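Residues per chain, in single letters:
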Amino acid sequence: MKRMISLLLLLAFALLSLVACGEKPVTFTGPLTAVLQSEARLYGQTVQTEMLLGAETQAWLLERLSTGTWVRGESKCKYDYTLRSPAGELAYSSDCGALYHVEGDRTLTLSEEEREALNAHLRVGMPTTKAPYPNEPGDRVTLFYYPSFSGSMQSKDVTGALATELITQLSALTETGEIAAAVGDSTCVLPTEDTYTPHTVRSTLWILVEDTLYRVDDHLSRVERYMGEGHILGNSEECSKMARRLWAHYPYDSYSGTYDLTTGELTVDHVFTGASSVRFEVEELTICGEQQQLNELVLTVYSDVAQTAFMVYEFSNGGCVIADLGYGDIPLNGVEPTTVRITFPEDPLFGTGLDVSIGATKLHIYVKRK
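Residues numbered from 1 in each chain as written. Predicted model: local features only at pLDDT ≥ 70, side-chain atom pairs only at ≥ 80, totals over all residues. Heavy atoms only, no water.

(A) Broad picture of the sheet that holds strand β9 (residues 154-159). With respect to topology, seven strands assemble into an open sheet ordered β9-β8-β11-β12-β13-β14-β10, the strand pairing being antiparallel. Bordering the open sheet on either side are β9 and β10 (175-180), each of which pairs with just one other strand. Across the sheet, the mean angle from the axis of one strand to that of its neighbour is 30 degrees, orientation sign disregarded. Inspection of the sheet shows strand β12 (residues 212-216) paired to strand β13 (residues 220-223) by four bridges, in the antiparallel sense. Across the sheet, the residue bridging to Tyr 214 is Arg 222, located in β13. The sheet strands contacting helix α4 (residues 161-171) are β8 (140-145), β9, β11 (205-209), β12 and β13, and the helix crosses β8 at an angle near 80 degrees. (Pairing = 2+ DSSP bridges. Helix = DSSP H or I, 4+ residues; strand = E, 2+ residues; numbered from the N terminus. Axes fitted to C-alpha atoms, helices over the stretch in contact; angles between N-to-C directions. Contact = heavy atoms within 4.5 Å.)

(B) Region of interest: empty space enclosed by the protein. Throughout the structure, instances matching the rule amount to one cavity of 30 Å³ or more. In this structure, the largest cavity encloses a volume near 40 Å³. If you go around the largest cavity, the residues you meet are Ala 34, Leu 36, Thr 49, Met 51, Tyr 81, Leu 122 and Pro 331. Among the elements of the structure, β1 (33-37) and β2 (46-52) are those that each provide at least two residues to the lining of the largest cavity. In the lining of the largest cavity, the residues fall into six nonpolar, one polar and no charged. (1 Å grid on protein atoms, 1.4 Å probe; cavity = no way out; pocket = protein on both sides within 12 Å on 5 of 7 lines; lining within 4 Å. Points joined across faces, edges and corners; volume = space filled by probe spheres on them. Nonpolar A, V, L, I, M, F, W, Y, C, P; charged D, E, K, R; others polar.)

(C) Quick look at α4. Within the span of α4, buried status applies to Ala 163, Leu 166, Ile 167 and Leu 170. The buried side chains of α4 occupy one side of the element, clustering within an arc of 100 degrees when seen end-on. Packed against the buried residues of α4 are β8, β9, β11, β12, β13 and α5 (237-249). (Buried < 20%, exposed > 50% of the residue type's maximum accessible area, 1.4 Å probe, protein only. Arc of directions from axis to C-beta.)

(D) Main features of the pattern of salt bridges. Enumeration over the complete set of coordinates arrives at eleven salt bridges. For the salt bridge of Arg 140 with Asp 157, the shortest nitrogen-to-oxygen distance reads 3.3 Å. Here the residue Arg 140 occupies a position in strand β8, and Asp 157 occupies one in strand β9, the gap between them amounting to 17 residues. Among the salt bridges present, the one from Lys 241 reaches Glu 238, with a minimum N-O distance of 3.9 Å. Placement of both Lys 241 and Glu 238 in helix α5 is noted, with a separation of three residues, approximately one turn of the helix. You can call Glu 238 exposed: its relative accessible area is 53%. (Salt bridge = Lys/Arg side-chain N within 4 Å of Asp/Glu carboxyl O.)

Any functional reading would require information beyond the geometric quantities listed.
Pasting the structure below:
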């Protein structure tokens, strides 16, 4: 009889243990969003990405969450993602596949195959996709630019249809008979990228078409040496404007906007069409205007393919003084958009320009303070 009572007690204890370990199914519903917050900080900013899982990924993961075996308590794994759902948050470890339901204090561990599938959707460990610089067949021109504030000479090549269009415009220009004065004593025909020239030559652009060199400053001139005398060309405004637009934007798909600090209104225009597999929209921008307060920029990022895009953002005075700078990898599954939330501190002495680039897409926002 005592042996029977002992067996019954053991059975009852086992049943209680099963209940305590979470045998009861947990009901989860979509949508499921994966959140990754960057720990890297340069000037006090954080970068958080929120990726809505694709429909197929959500379907199998929701089924796994509802039918899988849960164990009471938290695993010892290091969590690097948060999965958000209407049923609460799940801390996820991409290293060991553990899913910890914070509210229910219980853990579900994915199989190795399931862990790898979810990690692939989240782009875990995937290399950053480099934005390719175009090298189209056909015509080629080289642009040289001496920066407005600081730094040495810079250059870039333009190829294909845009190069052909610029060459066509240049070929149609005729000399006015006026001579542009030399801008320096250099006898060099072409500058090099480490060339430092007089401050008065800053913001000057040069165009090299095969063996012919043009200089763009107050006029557009054909020159023999990059700092020598030139022959001024007439009716060159549109050509000069195109050359400067190519320098400023090529080959990126570029947008430009204005943020009014007084009203909080943001306007954005598409200013240059370039080839890019990434596009993004500004969902929210808040700039406080007070020192040490945190600003916030929220972007919705779309991609034509699954990739990990490199993002850089810079908050500066529009020149050489940088108030904040940050960068990081943005996971894009090519199906659903990723929300990028950036917080960064305010410095009222600077901060008149905000630049963001993701892949081959760029955005410049001018901050209007008065």
